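Results of the structural survey
One-letter residues, chain by chain:
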Amino acid sequence: MSGVLIHDGRRNGHRKWAIEAITNGYADGVVLSPFATPRVTVPRHPSASELSKDVRAAGGEVIFDPMTHARFLPGTNKTGFYDAWDLWGPTGTCLDDTTAQVAHIERVFEHQSQIRAPHLAPTLQLQTPHSDNSSRALDMARVARGLDKGAWQSLVGTRAFWSSGPHLDAYVGTLSSLRAPVWMITVANEIVAGQVPDLTDTAAFAGLCRTVHSLSLRSRVILAFGDFAGLPAIAAGADTLGSGWDRGQRTFDPLSYRENSDDSPRRPASYVTHGELNAVLRRDTADAITRWDASQAERMRGGPMPPTDNVERMHHLQQLRRAVMDVAPTGATRQERIDALRHRYATAAKDFDALIPGLPRIVRESDKEAWVINPCKILETYATSEGF
């Protein structure tokens, strides 16, 4: 199954919106998390069992990601739902030896089986291919395969990990020998500022694309928390992006796993997705583009202006899924994927070149850089390294 998966969230309408998106063909399933979905139903939050049944009834895929790497982040304390899952053995949150690893992985697999989700192995966040954590993550992957030869595997790394060049490639080669049917890959951000993706580290994201390329030769690859920033990974061989409606679903944000010391209500800024620009712009910017040229604005959005944020949720997923399928239609070769994404970026660049002088101080060069130039650099760096 390819397309878009909705990452878990704690919004009151999460189940309703997810089912609506899957039913309408804007998304292909969900990724549940013990941090966001309770083991036992509580007010306004259905249990994982209930939610998974509803998603499957709508024709969607269900994945339960144990998010072990997030549990070990400094500052993680949003564990109200998490602790009730009882994912750890007698030694607690410890993975220092095989006994502790087996206890944790067995409990993860047990809960996944209970909700009829595939066995997705837990992992740790990696900052370098040569560290205690990288060795431990490899040990955990081998334990998971020993428990279930068909287990899916996870790989989570920071930008430093993805930019480690030949060391990264050698580590990924070892992982590839596990012959996992599916890999779920995550770029772990240390800081997330705002809604615009930070793709300035070309070497890191090109390394990510090389990893996707290598693993996809024999496995399905899902890029978790990918959103539009993940399109180069689709060109490299991934078939699915993780996304959603909030920042913590579209990108891996460590703050999602911390209790907020200020729980006062906030009104989030409103945004509108412009599918042809591969971009998500503020609503006031979208309004200005419409006043500038209504017909071009509709083309750039990929449809009518979403009148509310509720409609924008579905519009965003629809445009993202359309982009994934445009870059990677069934049967497309890697060269065809790369060429399709090159074409998307070239079209978006021309549109930004018209918008920037047409709407000075509203649409800026920095918008084009974030949404087109930086991801295009990543694509070309990866493509050149692989001879495309």
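1. A few points about empty space enclosed by the protein
- All chains considered together, the criterion is met by four cavities of 30 Å³ or more.
- Along the wall of the largest cavity there are 14 residues; nearest its centre are Gly9, His14, Arg15, His45 and Pro46.
- Of the residues that constitute the lining of the largest cavity, the class distribution is four nonpolar, five polar and five charged.

2. A look at the sheet that holds strand β6 (residues 182-187)
- Taken together, eight strands build an open sheet; the order of strands is β3-β2-β1-β8-β7-β6-β5-β4 and the sheet is parallel. Two strands in the sheet have a free side with no partner beyond their single neighbour: β3 (61-64) and β4 (125-126).
- In terms of strand pairing, strand β2 (residues 29-32) meets β3 through four bridges, oriented parallel. From the neighbouring strand, Val31 faces β3, where its bridge partner is Ile63.

3. So, the pairing of strand β9 (residues 271-274)
- In terms of strand pairing, β9 meets strand β10 (residues 279-282) through four bridges, oriented antiparallel. Pairing of Thr273 across the sheet is with Val280, part of β10.
- A loop of four residues connects β9 with β10, the two strands running antiparallel in sequence, and Asn278 in this loop sits at a positive phi of about 55°.

4. Regarding the state of the cysteines
- On inspection of all chains with the given rule, the structure shows zero disulfides.
- In this model Cys209 remains outside any disulfide bridge; the closest cysteine sulfur is found in Cys376, 12 Å from its own.
- Judged by relative accessible area, Cys209 falls into the buried class, the value being 2%.

5. Concerning helix α9 (residues 202-216)
- Taking 1.5 Å per residue, 15 residues should reach 21 Å; α9 reaches 21 Å between its end C-alpha atoms and fits that length.
- A large share of α9 lies buried, amounting to 13 of its 15 residues.

6. Considerations on the pattern of salt bridges
- For the structure on display, the rule yields 18 salt bridges.
- The residue Arg136 makes a salt bridge to Asp96 at a minimum N-O spacing of 4.0 Å. Residue Arg136 is located in helix α6 (residues 132-147), and its partner Asp96 is located in the loop between α4 (80-84) and α5 (98-114); the two are separated by 40 residues in the primary sequence.
- Of the residues examined, Asp96 reaches a relative accessible area of 58% and is grouped as exposed.
- Asp353 is the salt-bridge partner of Lys368, the closest N and O atoms lying 2.7 Å from each other.

7. Comments concerning the layout of surface pockets
- By volume, the second largest pocket is sized at about 460 Å³.
- Taken together, 28 residues line the second largest pocket, and the ones lying closest to its centre are Asn189, Pro197, Asp198, Ala229 and Thr251.
- Broken down by secondary-structure element, the contributors of at least two residues to the lining of the second largest pocket are α9 and α11 (247-250).

8. With respect to the packing of α9 against helix α16 (residues 365-385)
- Close contact between α9 and α16 brings their axes to 8 Å; oriented N to C, the two are set at 50°. By the angle class used here, α9 and α16 are oblique. Between α9 and α16 lies a crossing whose hand is right-handed. Between α9, through Thr202, Phe205, Ala206, Cys209, Arg210 and His213, and α16, the contact on the second element is made entirely by Lys377, Ile378, Thr381, Tyr382 and Ser385.

9. Concerning the packing of aromatic side chains
- Evaluated as defined, the whole model comprises nine aromatic pairs.
- Aromatic ring contacts, followed pair by pair, group Phe35, Tyr82, Phe225, Phe252 and Tyr257 into a single cluster.
- Here the basic side chain of Arg10 rests over the ring of Phe81, its NZ or CZ set 3.9 Å away from the ring centre.
- When the ring centre of Trp17 is taken as reference, the NZ or CZ atom of Arg313 above it lies at 3.6 Å.

Criteria and cut-off values
- Residues numbered from 1 in each chain as written.
- Predicted model: local features only at pLDDT ≥ 70, side-chain atom pairs only at ≥ 80, totals over all residues.
- Heavy atoms only, no water.
- 1 Å grid on protein atoms, 1.4 Å probe; cavity = no way out; pocket = protein on both sides within 12 Å on 5 of 7 lines; lining within 4 Å.
- Points joined across faces, edges and corners; volume = space filled by probe spheres on them.
- Nonpolar A, V, L, I, M, F, W, Y, C, P; charged D, E, K, R; others polar.
- Pairing = 2+ DSSP bridges.
- Helix = DSSP H or I, 4+ residues; strand = E, 2+ residues; numbered from the N terminus.
- Disulfide = S-S within 2.5 Å.
- Buried < 20%, exposed > 50% of the residue type's maximum accessible area, 1.4 Å probe, protein only.
- Expected span 1.5 Å × (residues − 1).
- Salt bridge = Lys/Arg side-chain N within 4 Å of Asp/Glu carboxyl O.
- Axes fitted to C-alpha atoms, helices over the stretch in contact; angles between N-to-C directions.
- Parallel < 35°, antiparallel > 145°, perpendicular 65-115°, else oblique.
- Left-handed = near helix turned anticlockwise from the far one by under 90°.
- Contact = heavy atoms within 4.5 Å.
- Phe/Tyr/Trp six-rings, centres within 6.5 Å; stacked < 30°, edge-to-face > 60°.
- Lys NZ or Arg CZ within 6 Å of the ring centre and 35° of its normal.

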